Amino acid sequence: MVPDSTPSTLPPTTTVRTTSSGLDVVTVVNEHGTAEVYLQGAHVTRWEPAGHEPVLWLSSASAFEPGVPIRGGIPICFPWFGARADDPDSPAHGFARRLAWTLVDAFDGEGGTVLRMRLALGEVALPALETFAGLEALYEVSVGSSLRVALTVTNAGESPVRFEEAQHTYLAVRDVHETEVRGLEAVGYVDKTVAAEAGAPPHGPDGVSLVPHGQVDRVYLGTSAPVTVDDGDRTVVVTKESSLDTVVWSPGAEVAARMRDVAGAEWQGMVCVETANVLEHAIVLDPGESHTLGSTYTVSASA
Ligand code: TA6
């Protein structure tokens, strides 16, 4: 049943349906291509620009069940990233990707179709979110010749709030082992594949582009630069807005084998490049302040 909150006037490019497992999904088909967004998590699961193969990877074994994170696409990590430092029992990457957002607007604009979804953490009765109750999130997805996603967080509460955020994007590649990630050569990073002593300095810049082999789990700190992902057939450029960190993740065979929502060797068909503000770059909003984290994905044939 399509949610009552769905705007009464959807543009002709946009439809909303409810899956057999009860998830609401928005489909956009316009002259630029096709996209799908699950209202659970405001989760973009598909983006296929006209003339191109799907740009986002989606696991064939992903769950599509209420409250269970979808594996692939663009999960929103909010209001924390990774394990919650002060509450290890809380789910990794926060609750935003597990909760139902509300589609509040959909329209066809100059450059394509725009969807707007809203989540107010104060309306979610979860003790783990009490600290963040003043935060309201608005997510805008613009489906054009490029794909832009923008998370605007506003502090509607009475006191300052600190939060982390990331657009945890799974980019489809021919073979991750033959994919070059450029733009981070001069940036130091926290290597999450090694247990570092508390307070240990980040790993220094590699000085060369990254071609993931084995498990790669790096938080590149202090970079707002675009990242280019080139798998030999095509190039995807990730351009960031108001983001100081970029995360690159490839699970590798051993970790992927333990992931029930990833089948066989399909993990080799993706690499995560994540637009983020985490750790010392977490955002602190005073009452009434807002912040927007944006990513734009642009595709071209490799040179
Ligand atoms: O962004 C990289 C990462 O933090 C990895 O450490 C790995 O945990 C990945 O996210 C996936 O996390 P998830 O909770 O979606 O399984």
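Everything that follows concerns the structure shown earlier in this document.
Residues numbered from 1 in each chain as written. Predicted model: local features only at pLDDT ≥ 70, side-chain atom pairs only at ≥ 80, totals over all residues. Heavy atoms only, no water.

## Topic: the pattern of salt bridges
Following the criterion strictly, the structure yields 16 salt bridges and no others. Close ionic contact of Arg-182 with Glu-180 constitutes a salt bridge, the shortest N to O distance being 2.6 Å. Ionic pairing is found between Asp-230 and Arg-182, a salt bridge with its closest N-O pair at 3.5 Å. Separated by 48 residues along the polypeptide, Asp-230 in strand 15 (residues 227-230) and Arg-182 in strand 12 (residues 180-182) bring together distant segments of the chain. We classify Asp-230 as buried; its relative accessible area is 15%. Within the structure, one salt-bridge network assembled from shared partners comprises Asp-105, Arg-116, Glu-140, Arg-148 and Glu-241. (Salt bridge = Lys/Arg side-chain N within 4 Å of Asp/Glu carboxyl O. Helix = DSSP H or I, 4+ residues; strand = E, 2+ residues; numbered from the N terminus. Buried < 20%, exposed > 50% of the residue type's maximum accessible area, 1.4 Å probe, protein only.)

## Looking at unusual backbone geometry
Residue Pro-79 follows Phe-78 across a cis peptide bond; omega there is 5°. By the element assignment, Pro-79 lies in the loop between strand 5 (76-77) and strand 6 (102-109). Of note, Ala-42 is a non-glycine position whose phi angle comes to about 45°, a positive value. The topology assignment puts Ala-42 in the loop between strand 3 (33-38) and strand 4 (43-49). Exposure remark for Ala-42: the relative accessible area of 0% places this residue in the buried category.

## Details of the nonpolar core
Among the nonpolar cores identified, the biggest contains 72 residues, and Trp-101, Met-117, Tyr-139 and Val-141 are the most heavily contacted of them. It is strand 8 (residues 135-143) that provides the largest number of residues to this core, a total of five residues. Discounting residues that sit within four places of it in the chain, Trp-101 has contacts with Leu-39, Gly-41, Ala-42, Ile-76, Ala-96, Met-117, Arg-118, Leu-119, Ala-137, Leu-138, Tyr-139 and Leu-151. (Core = buried A, V, L, I, M, F, W, Y, C linked by side-chain atoms within 4.5 Å. Contact = heavy atoms within 4.5 Å.)

## Side note on the packing of aromatic side chains
In total, this model carries eight aromatic pairs according to the counting rule given. Note on Trp-57 and Tyr-170: the rings are 5.6 Å apart at their centroids and 20° apart in plane angle, and the pair reads as stacked. A residue pair is termed long-range when its members are at least 10 positions apart, and Trp-57 in the loop between strand 4 and strand 5 and Tyr-170 in strand 11 (residues 165-172) qualify at 113 residues. Residue classification places Tyr-170 among the buried positions, given a relative accessible area of 2%. (Phe/Tyr/Trp six-rings, centres within 6.5 Å; stacked < 30°, edge-to-face > 60°.)

## Section: the pairing of strand 11
Of all eight residues making up strand 11, eight are buried, and the element is well covered by its neighbours. Because side chains alternate across strand 11, one face comprises the buried residues Glu-165, Gln-167, Thr-169 and Leu-171, and the other comprises Ala-166, His-168, Tyr-170 and Ala-172, equally buried. As defined by bridge partners, strand 5 adjoins strand 11 across two bridges and the pair is classed as antiparallel. Following the sheet pairing, Cys-77 is matched in strand 11 by Ala-166. (Pairing = 2+ DSSP bridges.)

## Some details on the side chain of Thr-169
Considering the arrangement of structural elements, one finds Thr-169 in strand 11. Residues contacting Thr-169, with those up to four places away along its chain left out, are Leu-56, Gly-73, Ile-74, Val-271, Cys-272, Val-273, Glu-274 and Tyr-297.

## Concerning the pairing of strand 6
Of the pairings in the sheet, the one linking strand 6 to strand 7 (residues 112-120) comprises seven bridges and is antiparallel in character. Across the sheet, Ala-106 pairs through a bridge with Leu-115, a residue of strand 7. Where strand 6 hands over to strand 7, the hairpin turn is made up of two residues, counted between the paired strands.

## A few points about the sheet that holds strand 4
Read across the open sheet, the four strands follow the order 1-2-3-4; overall the sheet is antiparallel. Of all strands in the sheet, those with a lone pairing partner are strand 1 (14-18) and strand 4, marking the two edges. Put simply, the sheet's adjacent strands are angled 15° from each other on average, direction ignored. Note that strand 2 (residues 24-30) and strand 3 share six bridges and pair antiparallel. Bridged to Thr-27 within strand 3 is Glu-36. (Axes fitted to C-alpha atoms, helices over the stretch in contact; angles between N-to-C directions.)

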